[in-house]
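Inside the fold
Each chain is listed here by its residues.
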Amino acid sequence: MEELTIGFNDLKDLYRSYMPFLKSGGLFVRTPRQYKMGQSLALSVTLPDSLEPIVVTGKVAWITPHGSQSSNPAGIGISFIDDKAQLGAQIEKLLGGMLNSADPTHTI
């Protein structure tokens, strides 16, 4: 299984990438590579102010292709499938009230 690595420097960047509308949460990852919907991937995530990455498995649930009509970057959204470390819950705790913000994200 392919593993993607993503690190977040600040909460604003994490907010733009988090996908709370997915059942178990998910993250958008900027990438020029092409993936298929439903493709399984492992994701190594380093949250802001964290030293150790958290590994979660997931599936591609969102694709923003190059040249899309939106101003969003090309990449994929990965829905968390095997989230033993409760990454989704950790992200929601970090983001708190930001989750209700009207600020744009990389997806919706």
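Per chain, residues are indexed from 1 in the order of the written sequence. Residues qualify for local features only when their pLDDT is at least 70, as the model is predicted, and side-chain atom pairs are given and counted only at 80 or more; totals for whole chains, interfaces and linings, by contrast, use all residues. As a convention, hydrogens and water are excluded, and side-chain values are obtained from all of the structure's heavy atoms.

1. A word on the overall build of the protein chain
In this description a helix means any DSSP run of H or I spanning at least four residues, a strand means any run of E spanning at least two, and both kinds are numbered starting from the N terminus. Counting secondary structure elements, the protein chain contains two helices and five strands. Listed by position from the N terminus, the elements making up the protein chain come as β-α-β-β-β-β-α. Expected size for 108 residues packed as a compact globule is a radius of gyration near 13 Å; at 13 Å, the protein chain falls within 12% of this value. If you line up the protein chain on its principal axes, its C-alpha atoms span 35 × 35 × 25 Å. Exposed residues in this analysis have more than 50% of their type's maximum accessible area, buried residues have under 20%, and partly exposed residues fall in between, with area computed by a 1.4 Å probe over protein chains only. Across the 108 residues in the protein chain, those meeting the buried criterion constitute 41%. Only heavy atoms enter the contact rule, under which two residues are in contact if any of them lie within 4.5 Å. Pairs at least 24 apart in sequence give 65% of the contacts found in the protein chain among residues at least 6 apart. Accessible surface is estimated by sampling points in the Shrake-Rupley manner with a 1.4 Å probe; for residues, cover comes only from the protein chains shown. For the protein chain, the exposed area adds up to about 6300 Å²; of that, 51% sits on carbon and sulfur atoms. The convention is simple: Lys and Arg are positive, Asp and Glu are negative, and His and the chain ends are not counted. Note that the charge is assigned to NZ on lysines, CZ on arginines, CG on aspartates and CD on glutamates. Averaging the positions of the 9 positive and the 10 negative side-chain charges in the protein chain gives two centres separated by 7 Å. Our radius of gyration looks at C-alpha atoms and nothing else; its globule reference is 2.2 Å times the residue count to the power 0.38.

2. Focus on unusual backbone geometry
A positive phi angle, close to 60°, is found at D49, a residue other than glycine. By the secondary structure assignment, D49 is in the loop between β3 (40-46) and β4 (54-64). Look at D49 and you get exposed, because its relative accessible area is 85%. A positive phi is found at Q86, a non-glycine position, where the angle reads about 55°. Tracing the sequence through the fold places Q86 in the loop between β5 (75-82) and α2 (87-95).

3. Quick word on the environment of F8
With respect to the helices and strands, F8 occurs in the loop between β1 (3-7) and α1 (11-17). Judged by relative accessible area, F8 falls into the buried class, the value being 5%. When the C-alpha positions of F8 and S50 are compared, they lie 9.2 Å apart, and in sequence the two are 42 residues distant.

Spatial relationships are all this shows, so hold off on functional conclusions.
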